[in-house]
Amino acid sequence: LAWYMKAVTRYNLIRLIRSLNDYEDQITIGHSKTGLQNQVVAEDPENTFERVVADLSRAIELDTGFYFAYYDRGFVYCSMGEYNKAVQDFSSALSIRQNFADALSNRGLIHILQNETIRGCEDLSRAGELGIADAYRVIKRYCYK
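How each quantity is defined
- Residues numbered from 1 in each chain as written.
- Predicted model: local features only at pLDDT ≥ 70, side-chain atom pairs only at ≥ 80, totals over all residues.
- Heavy atoms only, no water.
- Core = buried A, V, L, I, M, F, W, Y, C linked by side-chain atoms within 4.5 Å.
- Buried < 20%, exposed > 50% of the residue type's maximum accessible area, 1.4 Å probe, protein only.
- Helix = DSSP H or I, 4+ residues; strand = E, 2+ residues; numbered from the N terminus.
- Disulfide = S-S within 2.5 Å.
- Patch = residues over 30% accessible without salt bridge, like charges linked within 9 Å, V, L, I, M, F, W, Y side chains within 5 Å.
- Areas by Shrake-Rupley, 256 points an atom, 1.4 Å probe, with all protein chains shown as cover.
- Salt bridge = Lys/Arg side-chain N within 4 Å of Asp/Glu carboxyl O.
- Expected span 1.5 Å × (residues − 1).
- Contact = heavy atoms within 4.5 Å.
- Polar contact = N/O pair within 3.5 Å; in protein donor to acceptor, adjacent residues only side chain to side chain.

Thoughts on the nonpolar core
Right, on to step 1. Ranked by size, the top nonpolar core spans 34 residues in total, and within it Val 52, Leu 56 and Val 76 carry the most contacts.
Right, on to step 2. Listing elements by their share of this core, those giving two or more residues are helix H1 (2-21), helix H2 (49-62), helix H3 (67-80), helix H4 (83-96), helix H5 (101-113), helix H6 (117-129) and helix H7 (134-142).
Right, on to step 3. In terms of residues, this core owes the most to one element, H2, which gives six residues.

Looking at the state of the cysteines
Right, on to step 1. For the structure on display, the rule yields one disulfide.
Right, on to step 2. A sulfur-sulfur separation of 1.7 Å characterises the disulfide bridge that pairs Cys 121 with Cys 143. Taking the sign of the S-S torsion, -95° for the link of Cys 121 and Cys 143, the bridge is left-handed. With a gap of 22 residues between them, Cys 121 in helix H6 and Cys 143 in the segment after H7 connect regions that are remote in the sequence.
Right, on to step 3. Taking the relative accessible area as the measure of exposure, Cys 121 reaches 13% and is therefore buried.

Structural notes on a nonpolar patch on the surface
Right, on to step 1. On the surface, Leu 13, Leu 16 and Leu 20 cluster together into a nonpolar patch covering about 250 Å² of accessible area.
Right, on to step 2. Along the chain, Leu 13 falls in helix H1.
Right, on to step 3. Among the residues examined, Leu 13 registers a relative accessible area of 37% and is labelled partly exposed.

With respect to H5
Think of an α-helix as 3.6 residues a turn; residues three or four steps apart then line up on the same face.
Right, on to step 1. With 13 residues, H5 should reach 18 Å at 1.5 Å per residue; the first-to-last C-alpha distance of 18 Å fits that figure.
Right, on to step 2. Of all 13 residues in H5, ten are buried; the element is thus mostly enclosed.
Right, on to step 3. Taken as a whole, H5 has its buried residues at Ala 101, Ala 103, Leu 104, Ser 105, Asn 106, Arg 107, Gly 108, Ile 110, His 111 and Ile 112.
Right, on to step 4. Among the structural elements, H3, H4, H6 and H7 are those in contact with the buried residues of H5.
Right, on to step 5. Within two residues after H5, Asn 115 carries a phi angle of roughly 60°, on the positive side.

Some details on the pattern of salt bridges
Right, on to step 1. The final tally for this structure, using the stated rule, is eight salt bridges.
Right, on to step 2. Note that Arg 10 and Asp 55 form a salt bridge whose closest N and O atoms lie 3.1 Å from each other. In this pair, Arg 10 is assigned in helix H1 and Asp 55 in helix H2, connecting sequence segments 45 residues apart.
Right, on to step 3. By relative accessible area, which is 10% here, Arg 10 ends up buried.
Right, on to step 4. The residue Arg 107 makes a salt bridge to Asp 123 at a minimum N-O spacing of 2.7 Å. Note that Arg 107 is positioned in helix H5 and Asp 123 in helix H6, a separation of 16 residues in sequence. Of the two residues, Arg 107 and Asp 123, neither departs from the other in class, the shared state being buried.
Right, on to step 5. The network of salt bridges with shared partners includes Lys 6, Arg 10 and Asp 55.

What to know about the side chain of Asp 123
Right, on to step 1. Exposure remark for Asp 123: the relative accessible area of 7% places this residue in the buried category.
Right, on to step 2. There is a polar contact of 2.7 Å between the side chain of Asp 123 and the side chain of Arg 107.
Right, on to step 3. Apart from residues lying up to four places away in sequence, Asp 123 is in contact with Leu 104, Arg 107, Gly 108 and His 111.

In structure tokens:
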């Protein structure tokens with residue numbers, strides 16, 4: 001659980017840093033902007049998606065039945081553009097917990113992105129049945145042609 005929480009915290013830190021880097025005018029309290037030194041940036045070796053994947057992989061090594069770690073690692077792989085690895089991780093999560101609606105939904109979206117529409121629509125249909133209402137919007141747009 002500690003490795004998992006470390007990965008989640010690191011991922012959230014990366015997202016926060018990247019959101020701050022999007023603004024030219026950053027707000028500081030008690031210091032001028034020019035006086036800031038050693039700013040943390042998302043590209044620092046400690047703040048990369050690869051480190052998040054490494055932490056999640058360690059959590060999975062310690063508990064191979066931790067389906068949510070597979071799901072989160074798949075989500076990070078999506079952020080990195082590594083869709084095949086993401087599909088593998090979503091599938092691993094689903095092999096442990098068959099009715100994991102979010103994993104089905106994300107795997108379905110990736111299948112559609114990779115032009116595997118039939119497989120994607122099947123996953124999205126199951127996700128919709130399990131309560132993911134947005135799945136039906138995607139099905140309506142991509143599955144009825």
